[in-house]
Amino acid sequence: MQRTGPTIAVAGAGLRGRGYAARIREAGAGRIVAVAEPDPARRARFAAEHGLPPERTFSGWREMAARGRPADGVIIATQDAEHAEPAVRFAGLGCHILLEKPMATSEADALRIVDAVERAGVMLAVCHVMRYTEYTRAFRRLIEDGRIGAPVSVQHLEPVGWWHHAHSYVRGNWRRADESGPMLMTKSCHDVDWLIHVMGEAPARVSSFGRLSHFRPQERPPGAADRCVDCAVEARCPYSATRLYLSCLGDPGRERWPLGAVTDDRTEAGVLRALREGPYGRCVYACDNDVVDHQVVNMEFPSGATGVFTMTAFAAAAPRQTRVFGTSGCLEGDGVRITVRDFVTGETETVEPGAVPPGGASDGRHDHADDALADAFVAALAAGDPAPLSSGPRESLASHRVVWAAERARLDGTVIDLDPQSLLAKGTVRP
């Protein structure tokens, strides 16, 4: 049977682009009709998965855009530094856009994107997937319904995980601020956006502290080699690449991620070869990384509520943990369950909006919110209405601006005042 529904092109056929496309194919509500991917093996695999003819596969997004409007919508899942140019170009071609976070690596480029989609009259959804979980909907509704009175303070923890941090932010693509952006943007813009979403307001003041404390040459153990496969102390190192990636073999989820970023050869010999030759086999104390490995952001909201967000590498990879303290009760959530305590009755209630997904929080699928976001994007395209999307261009720009302000506060050692209204306003920003 010939499938109908919106047509969708994909720019960037890595883990994220493939994941969204696979969901769209499985759900059957839309059609994947083109791909742009510079890696020949990834491009060929994606084309085979979606039955794309050679004339609908391209070596890059520029080649795809040169042919004119490729589809009703475009998923942009290129590397972070290559978000702004394709977003502006495809908006100009009349394509609705699903854009991987962060929007861009600079505030000025993020504003260019927003201006482009507004000028073209197309929809833009940034992949803040945490907004799309049943857990988030329930958490926000409990606050909105007054179950804890007026929120007074919030604590939110993102335990990145020691091995995940070493994989992505020491050895991987997001290790350097000058190539992708600061850690607070590349990893934790999810969390800042989520806090704004559930609290129902953007902060009026922010400050931040954090640094790169451990993954640096000064912390290198005596006798450590430049690569784990040659290292005499590898067996005692928490960040052993050999242990991490060989342990992925035989596990389909972990072979997809994190091993999929390292090699497509799912054999012991293939993994060891990649660790000898590629970036993921490097000693974590001998890389060129510079992003922080721990950071806190302090927030004061217009209502007077306060918040603190903590990101740390030095934890087990686990779901985010949140506490909101109100005038007549408090909430505590772990991404799956929410405990509500009522100060009047002293009773507690446990709300379980969704079951734990296979593989938990470490399966690379953001608790399956990726699927919900892909479904919402296709539904918005089919209806010609952004209602299924949890946030639009201005809302995403506003939360990104809070992140950039917090990072400036960290670097300058200051408290930065924000006008919550101006976060959504049109106009120029500091480049």
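Residues numbered from 1 in each chain as written. Predicted model: local features only at pLDDT ≥ 70, side-chain atom pairs only at ≥ 80, totals over all residues. Heavy atoms only, no water.

What the domain assignment lists for the protein is domain 1 (7-122), domain 2 (131-215 + 290-371 + 388-424) and domain 3 (217-281). Of the residues lining the interface, 17 residues belong to domain 2; the matching set on domain 3 comes to 15 residues. Of the roughly 1,400 Å² buried where domain 2 meets domain 3, counting both sides, 58% is carbon and sulfur surface. The three residues of domain 2 that bury the most area against domain 3 are Trp163, His167 and Arg171, which together make up 49% of that side's buried surface. On inspection of domain 2 and its partner domain 3, the count reaches four residue pairs in polar contact (both at pLDDT 80 or more). Considered class by class, the residues forming the side of domain 2 that touches domain 3 number five nonpolar, nine polar and three charged. (Domains from an automatic or database assignment. Contact = heavy atoms within 4.5 Å. Buried area = accessible area lost by both parts, 1.4 Å probe. Polar contact = N/O pair within 3.5 Å; in protein donor to acceptor, adjacent residues only side chain to side chain. Nonpolar A, V, L, I, M, F, W, Y, C, P; charged D, E, K, R; others polar.)

Next up on the list: helix H5 (residues 107-120). For H5, which comprises 14 residues, the first-to-last C-alpha distance of 20 Å matches the rise-based estimate of 20 Å (1.5 Å per residue) to within 8%. Buried within H5 we find Glu107, Ala110, Leu111, Ile113, Val114, Ala116 and Val117. Tucked inside the fold, the buried residues of H5 contact helix H4 (84-92), strand E5 (96-99), strand E6 (124-126) and helix H15 (393-412). (Helix = DSSP H or I, 4+ residues; strand = E, 2+ residues; numbered from the N terminus. Expected span 1.5 Å × (residues − 1). Buried < 20%, exposed > 50% of the residue type's maximum accessible area, 1.4 Å probe, protein only.)

This part covers the packing of helix H9 (residues 189-199) against H15. At a minimum axis distance of 9 Å, the contact between H9 and H15 shows a crossing angle of 120 degrees. Here H9 is positioned oblique relative to H15, judged by the angle of their axes. Classified by chirality, the crossing of H15 by H9 is right-handed. Facing Cys189, Val192, Asp193 and Ile196 of H9, the residues of H15 in contact are Ser399, Val402 and Val403. Here the residues of the contact of H9 with H15 sort into five nonpolar, one polar and one charged. (Axes fitted to C-alpha atoms, helices over the stretch in contact; angles between N-to-C directions. Parallel < 35°, antiparallel > 145°, perpendicular 65-115°, else oblique. Left-handed = near helix turned anticlockwise from the far one by under 90°.)

Moving on, we get to the UniProt feature "domain: Gfo/Idh/MocA-like oxidoreductase C-terminal" (unreviewed entry) in the protein. UniProt feature "domain: Gfo/Idh/MocA-like oxidoreductase C-terminal" (unreviewed entry): in the numbering of this structure it lies at residues 140-332. Secondary structure across residues 140-332 comprises 28% helix and 21% strand; the distance between its end C-alpha atoms is 12 Å. (UniProt positions renumbered as here; feature names shortened; annotations may be inferred.)

It is worth spelling out the pattern of salt bridges at this point. Applying the stated criterion to the full structure yields 33 salt bridges. Arg401 is paired through a salt bridge with Glu107; the nearest N and O atoms lie 3.6 Å apart. Linking Arg401 in helix H15 with Glu107 in helix H5, this pair joins segments that are 294 residues apart in sequence. On the basis of relative accessibility, which here comes to 7%, the residue Arg401 falls in the buried class. (Salt bridge = Lys/Arg side-chain N within 4 Å of Asp/Glu carboxyl O.)

A separate point is the sheet that holds strand E13 (residues 338-342). Taking strand neighbours across the sheet as the criterion, the nine strands line up as E14-E13-E12-E11-E7-E10-E9-E8-E15 in an open arrangement whose pairing is mixed. The open sheet is flanked by strand E14 (348-351) and strand E15 (416-417), the only strands paired with a single partner. Sheet topology places E13 next to E14; four bridges connect them, and they run antiparallel. Across the sheet, the residue bridging to Val340 is Glu349, located in E14. (Pairing = 2+ DSSP bridges.)

Before going further, it helps to examine the nonpolar core. Counting 73 residues, the largest nonpolar core has Phe90, Ile97, Phe139 and Leu331 as the members making the most contacts within it. Here this core spans two domains, and each of domain 1 (7-122) and domain 2 (131-215 + 290-371 + 388-424) adds at least three residues to it. (Core = buried A, V, L, I, M, F, W, Y, C linked by side-chain atoms within 4.5 Å.)

What follows deals with the environment of Ala382. Mapping Ala382 onto the fold places it in helix H14 (residues 369-383). Separated by 310 residues in sequence, Ala382 and Asp72 place their C-alpha atoms 9.4 Å apart.

Once that is clear, we can look at the environment of Ala376. Structurally, the position occupied by Ala376 is in helix H14. The spacing of Ala376 and Val229 is 147 residues in sequence and 44 Å in space, taken between C-alpha atoms. Sequence-distant contacts of Ala376, that is, excluding residues within four places in its chain, are made with Tyr132, Pro388 and Leu389.

Inspection of the entire model under this criterion finds eight aromatic pairs. Arranged with centres 5.6 Å apart and planes meeting at 50 degrees, the rings of Trp163 and Trp257 form a pair that is tilted. Taken together, the positions of Trp163 in helix H7 (residues 162-170) and Trp257 in the loop between helix H11 (252-256) and helix H12 (259-262) put the pair 94 residues apart, joining distant regions of the chain. Like Trp163, the residue Trp257 is buried in the burial classification. Note on Phe215 and Phe314: the rings are 5.7 Å apart at their centroids and 10 degrees apart in plane angle, and the pair reads as stacked. Taken together, the residues span a long stretch of sequence, with Phe215 in the loop between strand E8 (205-211) and helix H10 (241-246) and Phe314 in the loop between strand E10 (306-312) and strand E11 (321-326) at a distance of 99 residues. (Phe/Tyr/Trp six-rings, centres within 6.5 Å; stacked < 30°, edge-to-face > 60°.)

Here strand E4 (residues 73-76) shows no split at all, with Gly73 and Ile75 on one side and Val74 and Ile76 on the other all buried. Bridge count for strand E1 (residues 7-11) against E4 is four bridges, and the pairing is parallel. Directly across from Ala9, in E4, lies its bridge partner Val74. The pairing of E4 with E5 spans four bridges and is parallel. In the sheet register, Ile76 faces E5, and the bridge partner there is Leu99. In this fold, E4 hands off to H4, which returns the chain to E5; that crossover is right-handed. (Right-handed = clockwise from strand over helix to strand, strands pointing away.)

As a further point, take helix H6 (residues 134-144). Those residues of H6 that fall on the buried side of the exposure criterion are Tyr135, Thr136, Ala138, Phe139, Leu142 and Ile143. Along the long axis of H6, the arc covered by the buried residues comes to 165 degrees, so they all point the same way. Close packing links the buried residues of H6 with strand E7 (151-159), H9, E11, strand E12 (329-333) and E13. Phi turns positive, to about 75 degrees, at Gly146, one or two residues after H6. (Arc of directions from axis to C-beta.)

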